[in-house]
Amino acid sequence: MSDKLLTPIEIGLTAAIVAIEGSEPTILIASGGAPDDLAGLPFGPFDAVKHRTFEIGLRAWVQEQAGLRLGYVEQLYTFGDRGRHTGPGDTDVHVASIGYLALTRMADNAQRAPGAHFEPWYRYFPWEDWRTGKPAMIERDILPELTRWAAQPAEAEAARALSRKDRVRLNFGCDGSQWDEERVLDRYELLYEAGLVEEARRDGRAAALSRKALPALGVAMHFDHRRILATAIARLRAKLKYRPVVFELLPNEFTLTELQRTVEAISGRHLHKQNFRRLVESTALVEPTGVMSTQTGGRPAALFRFRREVLQERPAPGLGVRARR
């Protein structure tokens, strides 16, 4: 048996907490305190004595530190790459973080703790917002740089199933491929690997250090929190199509316009109004309350609520929306 001491490991819990504010998807940002002074997701240690499960621990410290009551909670992935909380040569405790996607309603959390605030998630991923069309930065800033990077020889190219060029084409929907809104993490990983985001420079990636300047591709976050957020956005976009998670973000009663804007906000795509309403009707996910809302700023609109019976009626009660191109 080796006498070499093993690096101690600490388990943390990182939460991507999503809420809808107006027509914008927002993410809870924790107060400062990181060594790089960048904003990040809420993070807390797992207390194996105090908390029976990871999720119980997550809910407890989010309630205590941020004053938030969480609704839907889902474990994403364990993020344990060396370097995510340490610098080169560090031999201190290595932090492995279990990432979570959590949903909450803005109205349920009016009394948030100081330092906890929500920010639009497209501030960190502006290329993911296609609601008013293809973001100009994709053609202007991203694709030219990725094309140059993809044309360079890569030692590890043979180990991948897809070449750099194919990965760029499939993930960014160019050269005949369609944009897939669920590939959020794949796109971020490409930008990181190509050295086009600030996190790659901070982590010492050669592709980033060799550049004189980086394009302005969203706001960097501390540690690997933008990667965790990308994972959460991708998971939520996928969940919309086969689980009724969107109703965890809406008030108990809502208009169909509010429902459509929430789905558009999360997916980052514009949806045809009449097609969307036919889809909602065919899925039988909602039912009218018999009450009209006068808070729409125009003509009164009918209020609806989620039909919880649908959870027993079929196994995949989601909104399989298709964006209009």
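Attention here is on the structure that accompanies the text. (Residues numbered from 1 in each chain as written. Predicted model: local features only at pLDDT ≥ 70, side-chain atom pairs only at ≥ 80, totals over all residues. Heavy atoms only, no water.)

Before going further, it helps to spend a moment on the overall build of the chain. Counting secondary structure elements, the chain contains 10 helices and eight strands. Going through the 325 residues of the chain one by one, you find that 46% of them count as buried. Relative to all contacts within the chain whose residues are 6 or more apart in sequence, the contacts with residues 24 or more apart total 64%. Carbon and sulfur atoms make up 51% of the accessible area of the chain, which totals about 16900 Å². (Helix = DSSP H or I, 4+ residues; strand = E, 2+ residues; numbered from the N terminus. Buried < 20%, exposed > 50% of the residue type's maximum accessible area, 1.4 Å probe, protein only. Contact = heavy atoms within 4.5 Å. Areas by Shrake-Rupley, 256 points an atom, 1.4 Å probe, with all protein chains shown as cover.)

To continue, consider the nonpolar core. Side chains of nonpolar character tend, in soluble globular proteins, to be buried together. With 68 residues, the main nonpolar core has Trp127 and Leu259 as its most contacted residues. If we skip the residues at most four places from it in the chain, Leu259 touches Val246, Phe247, Leu250, Phe254, Phe276, Val280 and Val286. In terms of nonpolar packing, the next biggest core, distinct from the first, is built from 18 residues, Ile17, Trp61, Val73 and Phe118 among them. (Core = buried A, V, L, I, M, F, W, Y, C linked by side-chain atoms within 4.5 Å.)

To continue, consider unusual backbone geometry. Phi at Phe223 is positive, roughly 55°, even though this residue is not glycine. Take Phe223: it is sitting in the loop between helix H6 (206–209) and helix H7 (225–239). Judged by its relative accessible area of 23%, Phe223 is partly exposed. Its identity as a non-glycine residue notwithstanding, Ala284 has a phi of 55°, on the positive side. Among the structural elements, Ala284 can be located in the loop between helix H9 (273–283) and strand E7 (286–293).

Right, let's talk about the side chain of Thr231 for a bit. Examined against the element boundaries, Thr231 turns out to sit in helix H7. Assessed through its relative accessible area of 10%, Thr231 is described here as buried. Residue contacts for Thr231: discarding those within four places in its chain leaves Leu76, Phe79 and Leu185.

Counting across every chain of the model gives 23 salt bridges. The partner of Arg187 in a salt bridge is Glu128, and the shortest N-O contact between them spans 2.7 Å. Here Arg187, found in helix H4 (residues 184–193), pairs with Glu128, found in the loop between strand E6 (117–120) and helix H2 (136–150); they are 59 residues apart in sequence, far enough to count as distant. Like Arg187, the residue Glu128 is buried in the burial classification. A cluster of three or more residues bridged by salt bridges with shared partners is formed by Glu24, Asp129 and Arg131. (Salt bridge = Lys/Arg side-chain N within 4 Å of Asp/Glu carboxyl O.)

We now examine the packing of aromatic side chains. Counted according to the given criterion, the structure contains nine aromatic pairs. Judged by centre distance (6.0 Å) and plane angle (70°), the rings of Phe125 and Tyr188 are edge-to-face. With Phe125 in the loop between E6 and H2 and Tyr188 in helix H4, this residue pair connects regions lying 63 residues apart in the sequence. Plain terms: the ring middles of Phe247 and Phe254 are 5.7 Å apart, the flat faces sit at 35° to each other, and that makes the pair tilted. In this structure, Phe247 and Phe254 share a single accessibility class: buried. The structure contains a cluster of three or more aromatic residues connected by ring pairs, namely Phe125, Trp127 and Tyr188. The ring of Trp179 has Arg187 lying over it, and the distance from NZ or CZ to the ring centre is 3.7 Å. (Phe/Tyr/Trp six-rings, centres within 6.5 Å; stacked < 30°, edge-to-face > 60°. Lys NZ or Arg CZ within 6 Å of the ring centre and 35° of its normal.)

Turning to the pairing of strand E2 (residues 24–29), a few remarks are in order. Residues in a regular strand project their side chains so that they alternate between the two faces of the sheet. Buried residues dominate E2, accounting for five of its six residues. Both strand E1 (residues 9–21) and E2 contribute to a ladder of four bridges, which runs antiparallel. Residue pairing across strands places Glu21 opposite Glu24, the latter belonging to E2. Hairpin connection between E1 and E2: a loop of two residues separates the two successive antiparallel strands, and Gly22 in this loop has a positive phi of roughly 70°. In this sheet, E6 lies alongside E2 in antiparallel orientation, the contact comprising four bridges. Within E6, the position partnered with Ile27 by the bridge is Glu119. (Pairing = 2+ DSSP bridges.)

What follows deals with helix H1 (residues 54–66). For H1, built from 13 residues, the straight-helix expectation of 18 Å at 1.5 Å per residue is met to within 8% by its first-to-last C-alpha distance of 17 Å. Those residues of H1 that sit buried are Gly57, Leu58, Trp61, Val62 and Ala66. All buried residues of H1 fall inside an arc of 125° around its axis, so they share one side. Positioned one or two residues after H1, Gly67 has a phi angle of 70°, which is positive. (Expected span 1.5 Å × (residues − 1). Arc of directions from axis to C-beta.)

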